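# Summary of structural features
What follows is the residue order along each chain.
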Amino acid sequence: MTRLRAPAAAGRCPRPATVPSPGASRRDGDKADGDATRVARLRQWHRTHRLAFDAAVAVVAFVAILCGAVAGPHGSHGTHLPRFAARELTATTVVLAALACGALVLRRRLPRTVLAATGALTIVELVAQSNDPRAPVAGAAVIALFTVASHTDRPTTWRIGALTCVVLTAAAMFFGHRAWYAQENLAIFAWTGMAAAAGDAVRSRRAYVDAIRERAERAERTREEEARRQVAEERLRIARELHDVVAHHIALVNVQAGVASHVMDNRPDQAKQALAHVREASRSALEELRATVGLLRQSDDPKAPTEPAPGLGVLDQLVDGFVRAGLPVALELPPGPQPALPASVDLTAYRVVQEALTNVHKHAGDGASAAVRIVRTEGALTVTVQDDGRGAGAHASGEGAVPEGGGGHGLIGMRERVQALRGTVVTGPRAAGGFQVRVTLPLGGARTGGTT
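How each quantity is defined
- Residues numbered from 1 in each chain as written.
- Predicted model: local features only at pLDDT ≥ 70, side-chain atom pairs only at ≥ 80, totals over all residues.
- Heavy atoms only, no water.
- Helix = DSSP H or I, 4+ residues; strand = E, 2+ residues; numbered from the N terminus.
- Buried < 20%, exposed > 50% of the residue type's maximum accessible area, 1.4 Å probe, protein only.
- Contact = heavy atoms within 4.5 Å.
- Areas by Shrake-Rupley, 256 points an atom, 1.4 Å probe, with all protein chains shown as cover.
- Salt bridge = Lys/Arg side-chain N within 4 Å of Asp/Glu carboxyl O.
- Polar contact = N/O pair within 3.5 Å; in protein donor to acceptor, adjacent residues only side chain to side chain.
- Axes fitted to C-alpha atoms, helices over the stretch in contact; angles between N-to-C directions.
- Parallel < 35°, antiparallel > 145°, perpendicular 65-115°, else oblique.
- Left-handed = near helix turned anticlockwise from the far one by under 90°.
- Nonpolar A, V, L, I, M, F, W, Y, C, P; charged D, E, K, R; others polar.

## Focus on the overall build of the chain
If you tally the helices and strands in the chain, you get eleven helices and five strands. Burial statistics for the chain: of 452 residues in total, 34% are counted as buried. Restricting the contact set of the chain to residue pairs at least 6 apart, pairs at least 24 apart contribute 70%. Per element, the accessible surface of the chain, about 27,600 Å² overall, is 59% carbon and sulfur.

## Quick word on the pattern of salt bridges
Oppositely charged side chains can form a pair if their charged atoms are brought close together. If you walk through the whole model with that rule in mind, you get nine salt bridges. The partner of D200 in a salt bridge is R203, and the shortest N-O contact between them spans 2.9 Å. Remark: R203 and D200 occur in helix α7 (residues 183–263); sequence separation between them is three residues, near one turn of the helix. For the pair shown, D200 and R203 are each scored as buried. Here the residues in one salt-bridge network are D54, R107 and R108, joined through shared partners.

## Here we look at the side chain of T384
Relative to the elements of secondary structure, T384 occurs in strand β3 (residues 380–387). Of note is the side chain of T384, whose polar atom sits 3.4 Å from the side chain of R438.

## As for unusual backbone geometry
Phi is positive for R422, which is not a glycine, with a value near 65 degrees. Position of R422 relative to the elements: it lies in the loop between α11 (410–420) and β4 (424–429). Classification of R422 as exposed rests on a relative accessible area of 73%.

## Re the environment of G433
Residue placement: G433 occurs in the loop between β4 and β5 (435–442). The exposure class assigned to G433 is partly exposed, which follows from its relative accessible area of 24%. Taking the C-alpha atoms as reference, G433 lies 8.2 Å from D387; in sequence the two are 46 residues apart.

## Concerning the packing of helix α4 (residues 111–128) against helix α5 (residues 138–150)
With their axes 8 Å apart at the nearest point, α4 and α5 run at an angle of 160 degrees to one another. By the criterion of interaxial angle, the relationship of α4 to α5 is roughly antiparallel. Both α4 and α5 take part in a crossing whose hand is left-handed. Across the interface between the two elements, P111, R112, V114, L115, T118, G119, T122 and E125 of α4 pack against A138, A140, A141, A144, L145, T147 and V148 of α5. Counted by class, the contact of α4 with α5 contains nine nonpolar, four polar and two charged residues.

Everything listed here is a matter of geometry and, on its own, says nothing about what the molecule does.
Structure representation (C-alpha cells):
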C-alpha cells in the first residue's frame, strides 16, 4: 500500500522579517536631531567666542607639546606604543612651548606674524638642543601654518608653505646630530606640508560654501523681486480692466439717464426706452465687473474665469450699445471667416475699440458719428477708430488733453495694453476734423484663443 507523504515544509510558516518598531525609529530620529542641535550650538559658540576657542587650542597644543617632549618613541619590550617619562623635560622646552602656544592665541588676528614667531622659536629649540633630535615646538608652527593657509589665497599659501617647509626642515637637518634623512627631519617636512594642504582645502571649502550661500540669497532676492513685479503688473492689469468696464458702461448710463430726465415729461415713451438702455448697460457692467473681480479668486477655484472680457467676436454687441445710446457707428471687419486671434490680441483690440468709442461718446458731443475699421494681415492686426468731430461739444480726448471733470487714464491704459504686446499706438486730431486712434498689434508669438 502506497502512502502519500506531505512535503516537509508544508506545515512550516515563513519567518517574519524583522521590522523596527515605531518607537525605535522615533528614538533614532530624536538622537539625530539632538546631535545636529549640539553641532549647531558648537558652531554658534565658535563664531561668537573665537578668542576663547583659540585660547583652548593653545592650551591643548601646549599639553601635546609637553607630552611629546617627555614621550619616548618606543615602549618597553620593543612595543611600538610611546612610553611617557622616558625623557627629561627641560626648562628650555617648557619656556619655548609656552611662548609658541601663547602666540597661537593671536593666530586669527596676526596669522603671518604668529607663523614667523613660532617658526623662529622652533629654530631656537633646534639650535639650543642640537644633541636632542626632538622638536616638539614645531607643532605650534604647524598650527600657525594651517591658519595662514586657511585665511589667504592659494598662491600665497603655496609660497609661504614651501618656505616654511624648507626653512624648518633645513634647520633640523643642519643643527641635528643625526643623518639628514632621519625620521624626525622627515616628520617636520611632512607635518608642515600637510598643514599647508589642509589649510588650503579648508579655505576652498569655505569659499565654496559661501558662494553657494550667496547664490541662494541672490536667487531668493530675485524671486522676491520677480514676485513683487508680477503683483504690480497684475494690479495694473486689473486696474485697466476695471477702468475700461466702468468708463464705458457708466458713460452710457450717464447719457441715457440724462436723456430720460430731459424727456420724462414730454415724451414718456422715449424716457422709458432710455431707462431700458440704462438697465441693460448697468447689467452688462455688473457682469463684466463680476468676471473681472473673479480673477482675484484662488487659483484652485474651478469657477474662476480665465479671461475677464470678451474679444472681437462680440464686437457687434458693443457697437449696438453705442448705437442705441445715440452714437452712429460704422463697423468694417475683414470679409469671410478668419483664423482665431491670440487671446491677448483679441482682448486688447476689443478694449481699444471700447475705450475709443467711449471717448467719442463722452467728448465729441451730440450729433457726432464714428467709424471702426479692423484690418488683419499675416503679421499684424490694425484697429482704427475715427470720429467726424461734428458734435456740439469740444473734443478733449487727444493725448495730453484733460477731459471734462479731470484727467483720465483711458489713453494711458490703452498705451500700456498695446506696449505690453509690443504694438504701436497713434492718436491725434484728423486734418478733416475729428479725432483718430490707430493701433497696430503684432500677431507673432502670442497665445491663440480668441475669435474674430
